[in-house]
Structures are given as C-alpha cells and as structure tokens.
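Residue-level listing of the chains:
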Amino acid sequence: MRKKVVALTMSVLLSLSMVACGSGGTTSDSQDTSAPAADSGASVANKDKPLVWFNRQPSNSSTGELDMTALSFNKDTYYVGFDANQGAELQGTMVRDYIEKNIDTIDRNGDGIIGYVLAIGDIGHNDSIARTRGVRKALGTGVEKDGNINSDPIGTNTDASSKIVQDGSIEVGGKTYVVRELASQEMKNSAGATWDAATAGNAIGTWSSSFGKDIDVVVSNNDGMGMSMFNAWSRDNKVPTFGYDANNDAVAAIAEGYGGTISQHADVQAYLTLRVLRNALDGVDVDTGIGTADEAGNVLSSDVYVYKEDERSYYALNVAVTADNYKDFTDSTKVYEPVSKQLDASSHPTKKVWLNIYNASDNFLSSTYQPLLQNYDDLLNLEVDYIGGDGQTESNITNRLGNPSQYDAFAINMVKTDNAASYTALLNQ
C-alpha cells in the first residue's frame, strides 16, 4: 500500500512540475491535445515561420507590379499559382480555333460578324487581367494601352464605337469575318464580391434580351461565371461558352455544348502550396519532392510547372480542355499521381498549418482547390485549419488569425492582391 501512495505522490508532483514549466500557464484539456503543435510553433517567432501566398499573388491591382516585400517576407516565403499569361494565351487560342473549325455554323444570324460577350472576374486581379488580354489578343480585338492590351470592361459595343476594343478579323476558306466584342463587364455583386456567378447569369439575361441574335460566342474569365451563363441562356440557344479552371461541372458540360475550359493544373498547385511549407518545416531544400524526388518518390516533371526565383514563385502550367480530351479531366479533385505517395511520419512529423480560402462560395476554390488540399494534407502529414472568407472584406479573414503562435506555418489566399500587409502585420506582432 505504501508503494502505491509513494507512486501516486510522485505522479502528482511530476504533473505539477510539468504544468509549472508550461508556456501557456493553463491546464485546460484542449492544451494537452494541441501541445505538440503549439510547443513546436512557440520556438519560432511568427515572423520567421514558413508562409505561402497562393492563388492571389501579392501585387499592385492597378499596375500588376509584384509586391516583393510580401513575397520575400522571410526566407521561407513563396507564392504558388499558375502561369497566368500562358493560360490566357491558351484560352484565347482555344476560342479562335473553335471559331475557325466551326465557321460554317457559328455565325448565327449570318451577318458576317462573329460577336462575343465577355465575363470579367475582377478588374484588379492579375489573372483576370491576363485572361481578358489573352482573348482580345487571339481574336484581334485588343487595343494597346501603356504597352499592354487594355483589359478594361467596355459595357456594350454592338455598334463598334468603343475605344477600349476594336473589331478583329478571321479569314477562313478565303472569306473574312469581323470579330466584335459586343459587351463585357466585371461580375461584381452589390456586396462587393467579384467573380460572381449570379451576376454573370443576370448579365447574360440582359445582353441576350437586348442583342441575343448577335451573340455567337460567350467567353468567361472562369468556369463559375461561364457555367452560370451557359445554364441561364447559351445551352438552350446552342451558343458555345468558354471558361477557365476545368471545374467538374464545366468539364461534364462539354458533352452538352460547353465550348471548352482551361485546366490550370490545380492538382499540381495544391500540392505545391503544401509541399513548399512541408519542406521549410523539415528544414530541407525547397526543391525536395518538387524538381528533386523525395525519399518516397514524389517528383514533378518540368512540363507541369516552372519556378521563377526572382519572383519567389511557383507556377503550374495550363492545359486546354475541349471535346477532344475532356474525358481525361472529369475528376478535378484527384491528386496528381507522380506526387501521391505518403510521407513517413517518423521523419516528417505532423505540423499545424493555418490556411484560408478568400471566398468560401468560390466554385473553383471550394469545389476543386480545397478538396485537393485536403487530399494532400494527409499525405504530407500536415494538420490544416481551413478558414473560409466572405470574398468581400479582408477583416473577415484576418480577424480569425488571432493566435498565430499556435501554428507552424501559414498559407494565405487574399481577397485583394494589394492587401498582403494586412496579414504580415499580424505575423510581425
């Protein structure tokens, strides 16, 4: 009996000793379950923890100039996205190729003018700017402004009076057709959210009621808006619609007349988003499991991504998805096979990551990107807290980063590309 009392006394003393040495000064049950992640994070200042910006590159929303202060916040800061210019040119080429291939039937009213409407996502977003320029460049409707094709929305332009765009032309079989941007607008709702699918659906309703007979092609900066317009009008009127993102519903709709979309290799982007953090947390070369195979055999080939060291940015490369190959893209949430191998938990222990999605209602991010992240986080032994924003205000997200010390790394998807300092200020405290 005496031995049991002594053992119990020693156990109590040891427990009290451990509590006294704890950094948090609390004895709640929740502390016990989170202690490993909290302790590992506490040994590193928040400003020195790995940080990845993804999907929205820190940049000036007016000029597109990269925010290198944010991109070099610390030695373990990077951006992960996709090659916007390469993808934009690919989308524009896809639309033009479709028009040329279907020239005998695409001019619905036979007036010799191929009229298209354009849904613009966010006039201050580099990706949206690039996609608008890519379409206008390929179709010959772009007008130069300050050394680049003007990406501003035009409102309506059925009479070709706009100074923002010009009439282009396509010659097929010895006949020349005029190509005209009939209308374009930023799809921004009354609450301020951009890339808004419902607004795009309303826009095509307005445009079609005013000059529907002139619309031969519908183009969108993304599939969310594209599918909204397709479902609202163009499917029933057999007008080809082109989007971007290769969302599952858009890929499936190609069989029903959706013209095509662009896969931005979200499977590669999601992997890179978490892999860059994993490498920094492990203290290994950032190229591990990316350009250089890791011990499990995970590696990416050079034809699916590029790294630009001067921009501290990883960019996935894009692929056109059309009637010729859409069956290969029917599951947008499937992990990329070359990087699908589980890491050994003994050499890659679990770490805790704070990650936000700027708009929980965004179709691409919520239906494709986040499911991919959730598939990869287990493979990379990362415990990720996913925070969904409202797509309108930065504070809706930053207010939920109240205790960064409990995390080992951060992955940030901003509402506005200008607002990186809203996050780094919290990490600098």
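Just above sits the structure.
Residues numbered from 1 in each chain as written. Predicted model: local features only at pLDDT ≥ 70, side-chain atom pairs only at ≥ 80, totals over all residues. Heavy atoms only, no water.

(A) Representation of helix α10 (residues 266-282) in the model. Helix length check: α10, at 17 residues, gives a terminal C-alpha distance of 24 Å against a target of 24 Å (1.5 Å per residue), a fit within 8%. Summarising burial for α10: 14 of the 17 residues are buried, a large majority. (Helix = DSSP H or I, 4+ residues; strand = E, 2+ residues; numbered from the N terminus. Expected span 1.5 Å × (residues − 1). Buried < 20%, exposed > 50% of the residue type's maximum accessible area, 1.4 Å probe, protein only.)

(B) Representation of the pattern of salt bridges in the model. Taken as a whole, this structure holds 12 salt bridges when the rule is applied. Here Lys47 makes a salt bridge to Asp48, at a shortest N to O gap of 3.4 Å. The residue Arg235 makes a salt bridge to Glu256 at a minimum N-O spacing of 2.0 Å. With Arg235 in the loop between α8 (223-234) and β10 (241-242) and Glu256 in the loop between α9 (248-253) and β11 (261-263), this pair connects stretches of sequence that are 21 residues apart. Owing to a relative accessible area of 48%, Glu256 belongs among the partly exposed residues under this scheme. (Salt bridge = Lys/Arg side-chain N within 4 Å of Asp/Glu carboxyl O.)

(C) Quick peek at the packing of α10 against helix α11 (residues 363-379). Where α10 contacts α11, the axes come no closer than 9 Å and their chain directions differ by 50 degrees. When the axis of α10 is compared with that of α11, the two are oblique. Crossing of α10 against α11: the hand is right-handed. Mapping the contact onto sequence places Ala266, Asp267, Gln269, Ala270, Tyr271, Thr273 and Leu274 in α10 and Phe364, Thr368, Tyr369, Leu372, Leu373, Tyr376 and Asp377 in α11. (Axes fitted to C-alpha atoms, helices over the stretch in contact; angles between N-to-C directions. Parallel < 35°, antiparallel > 145°, perpendicular 65-115°, else oblique. Left-handed = near helix turned anticlockwise from the far one by under 90°. Contact = heavy atoms within 4.5 Å.)

(D) Summary view of the side chain of Asp127. With respect to the helices and strands, Asp127 occurs in helix α6 (residues 126-139). We note that Asp127 is buried and unpaired, the nearest opposite charge coming from Arg131 at a distance of 4.4 Å. Ignoring any residue separated from it by four or fewer positions in sequence, one finds Asp127 in contact with Asn55, Phe82 and Ala84. (Lys, Arg positive; Asp, Glu negative; His and termini not counted.)

(E) Summary view of the environment of Thr330. As for its position among the elements, Thr330 is in the loop between β14 (319-321) and β15 (351-357). Counting along the chain gives 87 residues from Thr330 to Gly243, while the straight-line C-alpha distance between them is 15 Å. If we ignore the near neighbours within four places in the chain, the residues touching Thr330 are Asn248 and Val251.

(F) Spotlight on unusual backbone geometry. Despite not being glycine, Asp146 shows a phi value in the positive range, around 55 degrees. Tracing the backbone shows Asp146 in the loop between β4 (144-145) and β5 (148-149). Accessibility expressed as a relative area gives 74% for Asp146, which makes it exposed.

(G) View of the pairing of strand β12 (residues 305-308). With four bridges connecting them, β12 and strand β13 (residues 313-316) associate as antiparallel partners. Its bridge partner lying in β13, Tyr305 is registered against Ala316. Linking β12 to β13, which pair antiparallel, is a turn of four residues; within it Arg312 sits at a positive phi near 50 degrees. (Pairing = 2+ DSSP bridges.)

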